[in-house]
Amino acid sequence: MQERRTKDLEKELSACAELHKFLEDNQEYMVERPLSELLLMYLDKKEMTRAEVIEGSGLNDIYTHQIFAGKRKPSRDKLLCLCFGLKFTAEETQLLLKETSYVPLYVKKRRDSIILYAFIKELTLIECNDLLYEEKERLLS
């Protein structure tokens, strides 16, 4: 399957006369995978173990295993912690947030800007929390 750009799909959707035909023609490009499946895919892609992700995320191991098994749905902050654990880039983080129906990091929000900066600069969760603390913002935990 060849990937299609979001902007191209948006243009096609705007120009289409029949929604059903658009949905049918582009079904393979729709992202509707559960978070647990996406996390396992990224775990494999990054060639990391769950233990490494758990250590980098700062989350409880039982809770994290439940997320990976699809038994728990994390908050946005907990998902961001997992993104740090998976050593995501800013782009990977934004994509996962969108794919899982969470609000992407928004640069015009002070706290989100700090977190986004940490991903851009490839900082750890601890370093990100240090920045959040210095700026008197709520920590990721």
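Here's a quick rundown of the structure.

Cut-offs used in this document
- Residues numbered from 1 in each chain as written.
- Predicted model: local features only at pLDDT ≥ 70, side-chain atom pairs only at ≥ 80, totals over all residues.
- Heavy atoms only, no water.
- Core = buried A, V, L, I, M, F, W, Y, C linked by side-chain atoms within 4.5 Å.
- Buried < 20%, exposed > 50% of the residue type's maximum accessible area, 1.4 Å probe, protein only.
- Helix = DSSP H or I, 4+ residues; strand = E, 2+ residues; numbered from the N terminus.
- Contact = heavy atoms within 4.5 Å.
- 1 Å grid on protein atoms, 1.4 Å probe; cavity = no way out; pocket = protein on both sides within 12 Å on 5 of 7 lines; lining within 4 Å.
- Points joined across faces, edges and corners; volume = space filled by probe spheres on them.
- Nonpolar A, V, L, I, M, F, W, Y, C, P; charged D, E, K, R; others polar.
- Axes fitted to C-alpha atoms, helices over the stretch in contact; angles between N-to-C directions.
- Parallel < 35°, antiparallel > 145°, perpendicular 65-115°, else oblique.
- Disulfide = S-S within 2.5 Å.
- Arc of directions from axis to C-beta.
- Phe/Tyr/Trp six-rings, centres within 6.5 Å; stacked < 30°, edge-to-face > 60°.

### Some words on the nonpolar core
The biggest cluster of nonpolar side chains holds 33 residues, and the ones touching the most others in it are Leu96, Ile115, Phe119 and Leu140. Of all the secondary structure elements, the ones that give two or more residues to this core are helix 3 (35-45), helix 5 (61-68), helix 6 (76-85), helix 7 (90-99), helix 8 (110-120) and helix 9 (125-134). For this core, the element with the highest residue contribution is helix 6, accounting for six residues. In contact with Leu96, other than residues within four places in its own chain, are Leu35, Leu38, Leu39, Tyr42, Leu79, Cys83 and Phe88.

### What to know about the layout of surface pockets
In this structure, the second largest pocket spans a volume of roughly 310 Å³. Along the wall of the second largest pocket there are 16 residues; nearest its centre are Phe84, Lys87, Leu123, Thr124 and Leu125. At the level of elements, helix 4 (50-57), helix 6, helix 8 and helix 9 are the ones that each hand at least two residues to the lining of the second largest pocket. In terms of residue count, the dominant contributor to the lining of the second largest pocket is helix 4 (three residues). In terms of residue class, the lining of the second largest pocket is made up of eight nonpolar, four polar and four charged.

### Considering the packing of helix 7 against helix 8
Helix 8 packs onto helix 7 with a crossing angle of 130° between their chain directions and a minimal axis gap of 8 Å. The angle between the axes of helix 7 and helix 8 places the two elements in the oblique class. Of the residues in helix 8, those touching helix 7 at Ala90, Thr93 and Gln94 are Leu116, Phe119 and Ile120. Across the contact of helix 7 with helix 8, the residue classes break down as four nonpolar, two polar and no charged.

### Quick look at the state of the cysteines
For the structure shown, the criterion picks out zero disulfides. Here Cys83 stays free of any disulfide, with the sulfur of Cys81 as its closest cysteine sulfur at 9.1 Å. This cysteine, Cys128, is not joined by any disulfide, and Cys81 carries the nearest cysteine sulfur, 8.4 Å off.

### Quick notes on helix 3
For an α-helix the count is 3.6 residues per turn, leaving residues at separations of three or four pointing the same way. Taken residue by residue, helix 3 has Leu35, Ser36, Leu38, Leu39, Tyr42 and Leu43 as its buried positions. Take helix 3 and look down its axis: the buried residues cluster within an arc of 160°, on one side only. Of the residues in helix 3, the exposed ones pointing more than 90 degrees away from the buried face are Asp44 and Lys45. Where helix 3 is buried, its residues meet helix 4, helix 5, helix 6 and helix 7. Backbone geometry just after helix 3 places Glu47 at a positive phi near 55°.

### Let's talk about the packing of aromatic side chains
By convention here, two paired aromatic rings are described through the distance between centres and the angle between planes. Summed over all chains, the structure comprises two aromatic pairs. Aromatic side chains Tyr42 and Phe88 sit 4.7 Å apart centroid to centroid with 65° between the ring planes, which places their arrangement in the edge-to-face category. Of this pair, Tyr42 sits in helix 3 while Phe88 is found in the loop between helix 6 and helix 7, placing the two residues 46 residues apart along the sequence. Accessibility classification places Tyr42 together with Phe88 in one group, the buried group. Ring centres of Phe84 and Phe119 lie 4.0 Å apart, and the angle between their planes is 20°; on these two criteria the pair is classed as stacked. Of this pair, Phe84 sits in helix 6 while Phe119 is found in helix 8, placing the two residues 35 residues apart along the sequence. Among the residues examined, Phe84 registers a relative accessible area of 7% and is labelled buried.

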